[in-house]
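# Fold and geometry: a report
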Amino acid sequence: MIGNASGARKFLAEFWQKKPLLKRGALPQLAKSLDRKQMMALACRDDVESRLVIYSRKNWQVEHGPFGKRELGRLPARNWTLLVNGLEAVLPQARELQQQFSFIPYARHDDVMASYAVPGGSVGPHFDSYDVFLVQGAGTRRWQTSRQRNLDLVAGAPLKILRDFRPQRELTVHAGDVLYLPPRYAHHGVALDECITWSVGFRAPGRREIIERFLDFMRDRERVDAMYQDPDLKAQQHAGAIGKAMLEDVKATLASIRWTDADIERCLGEYLTEPRAGVVFNRARHITPRAFKKLLDDQGACLALPTRMLTSGNRIFINGESAAIPAGAANIVRQFADNRYVPAPLRAQATVLDLLYAWYCAGYIKSGLRP
Ligand code: SIN
Ligand code: CO
């Protein structure tokens, strides 16, 4: 969507995390990639996260899915939006859309959301905490944007609504137009007709979140079951005081905790590839390792739609798990992580075959080039 490598460099230097960008007609093929019927079907699934936002009599109302078909069929002609999250895990076209943004490392990618709105439909003036590319599918939407500093929200509203939105810019987008917004940039989109808008979202680990995650990781790794013992306990004057010996012992225990760069790398990779909540991996029908090797050599292999994969140094991370990259497998593993498929014949060596076979059995990868 951004053209070649120099387009990506320019985008990163001038716009990413800095200022909005509108690219007209950048992804025209999206106009027909999703429609009302498909959106409604997705919103009725219990493995897909969906919300309905209705604006009526100056009041915002939010309902959470899964919805019933009848319930959706009874909605009025104006002023509502149906939102569906995590589409990259269930729709091939959503995963393909996300890959259009591979000029941003996958470690920063979050999910792909789509909204279906009838005329007047909107989620209100708000800001998002992370970067987002708003890609117009079918129909037309009017966006108003503002780089206002005041991001106070309406108290008690069921969704984030800016209390005092002061639009500075207004634009009407059509199928294929892409609007990039940096984090915390105020915006308000209103459907002018029946319209679908895709949101390609990003994420970044919060400092607190990563600290908590690392402490959990260390706790699981340390496996210290020993208990404080005090066979030499001495009588103390004040029964209510924490004894010095106990304090020293705990200090020594905590001071003995050590970690390496490899621990940090592993913790981060496993955290970033953890599957979205509620995601389901369909386990493969059992085949023998031998039949599996033939399948790969005939058809190639690809990551299942919900799979998240990253690499760092000589480690591979997949769906919250990690392994050392087997000798001679760096190429295959990197192709999976960068392109999400490896063409036939894979000609994988035994060590990497074992790994691929385990992923295949778990439903993390599939045969063929398209999930
Ligand atoms: C929408 O698609 O209606 C809302 C997307 C957004 O503003 O982030
Ligand atoms: Co938004």
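Refer to the structure printed above.
So, a few notes on the structure that sits alongside this text.

Rules behind the numbers
Residues numbered from 1 in each chain as written. Chains lettered and ligands numbered in written order. Predicted model: local features only at pLDDT ≥ 70, side-chain atom pairs only at ≥ 80, totals over all residues. Heavy atoms only, no water. Helix = DSSP H or I, 4+ residues; strand = E, 2+ residues; numbered from the N terminus. Buried < 20%, exposed > 50% of the residue type's maximum accessible area, 1.4 Å probe, protein only. Areas by Shrake-Rupley, 256 points an atom, 1.4 Å probe, with all protein chains shown as cover. Lys, Arg positive; Asp, Glu negative; His and termini not counted. Charge placed at Lys NZ, Arg CZ, Asp CG, Glu CD. Phe/Tyr/Trp six-rings, centres within 6.5 Å; stacked < 30°, edge-to-face > 60°. Lys NZ or Arg CZ within 6 Å of the ring centre and 35° of its normal. Salt bridge = Lys/Arg side-chain N within 4 Å of Asp/Glu carboxyl O. Donors = N, O, S within 2.8 Å, 3.2 Å for Na, K, Ca; no water.

Attention now goes to the overall build of the protein. Broken down by element type, the protein carries 10 helices and 17 strands. Structurally, the protein occupies a C-alpha span of about 80 × 65 × 45 Å along its principal axes. Relative to its full complement of 371 residues, the protein shows a buried share of 44%. Here the protein displays about 20,600 Å² of accessible surface, and carbon together with sulfur accounts for 52% of that area. Computing the positive centroid from 53 side-chain charges and the negative centroid from 39, the protein places the two 7 Å apart.

Turning our attention to unusual backbone geometry. Following G65, the chain continues into P66 via a peptide bond in cis, with omega recorded as 5°. Positionally, P66 belongs in the loop between strand 3 (59-64) and helix 3 (69-73). Geometrically, the link from A344 to P345 is a cis peptide bond, its omega value of -10° lying close to zero. In this structure, P345 sits in the loop between strand 16 (341-342) and helix 10 (350-362). One non-glycine residue, R57, adopts positive backbone phi at about 50°.

Attention now moves to the packing of aromatic side chains. Using the criterion set out here, one finds 19 aromatic pairs in the structure. For the ring pair F11 and Y180, a centre distance of 5.1 Å and an interplane angle of 85° mean the geometry is edge-to-face. With a gap of 169 residues between them, F11 in helix 1 (residues 5-14) and Y180 in strand 9 (residues 178-181) connect regions that are remote in the sequence. When sorted by exposure, F11 lands in the same class as Y180, which is buried. Where F281 meets Y364, the ring centres are 5.0 Å apart and the plane angle is 65°; that geometry is what we call edge-to-face. Pair noted here: F281 is in the loop between helix 7 (261-272) and helix 8 (289-299) and Y364 is in the loop between helix 10 and strand 17 (365-367), with a separation of 83 residues, a long-range link. Both residues of the pair, F281 and Y364, count as buried. Feature note: the residues F11, F15, W16, F101, F103, F133, Y180 and F202 constitute an aromatic cluster, connected by ring pairs. Directly above the ring of F127 sits K160, whose terminal nitrogen or CZ lies 4.2 Å from the centroid.

Position of E14 among the secondary structure elements: in helix 1. Separated by 249 residues in the primary sequence, E14 and D263 have C-alpha atoms spaced 35 Å apart.

With that settled, consider the pattern of salt bridges. When charged atoms on two side chains of opposite charge get close, those side chains can pair. As enumerated under the stated definition, the model contains 19 salt bridges in all. A salt bridge links E248 to K251; the nearest nitrogen and oxygen atoms lie 3.3 Å apart. Here E248 pairs with K251, and both are found in helix 6 (residues 244-255), just 3 residues apart, close to one helical turn. You can call E248 partly exposed: its relative accessible area is 36%. Members of the salt-bridge network, linked through shared partners, are E49, D111 and R276.

This paragraph deals with the coordination of the cobalt ion (ligand 2). Around the cobalt ion (ligand 2), the donor atoms from the protein are H126 (NE2), D128 (OD) and H187 (NE2), and they sit 2.0 to 2.1 Å away. Sequence spacing of the donor residues for the cobalt ion (ligand 2), all on one chain, is H-x1-D-x58-H. Linking H126 in the loop between strand 5 (109-117) and strand 6 (132-136) with H187 in strand 10 (residues 186-191), this pair joins segments that are 61 residues apart in sequence. Judged by its relative accessible area of 11%, H126 falls in the buried class.

It is worth stressing that arrangement in space is one thing and function is another; only the former is reported here.
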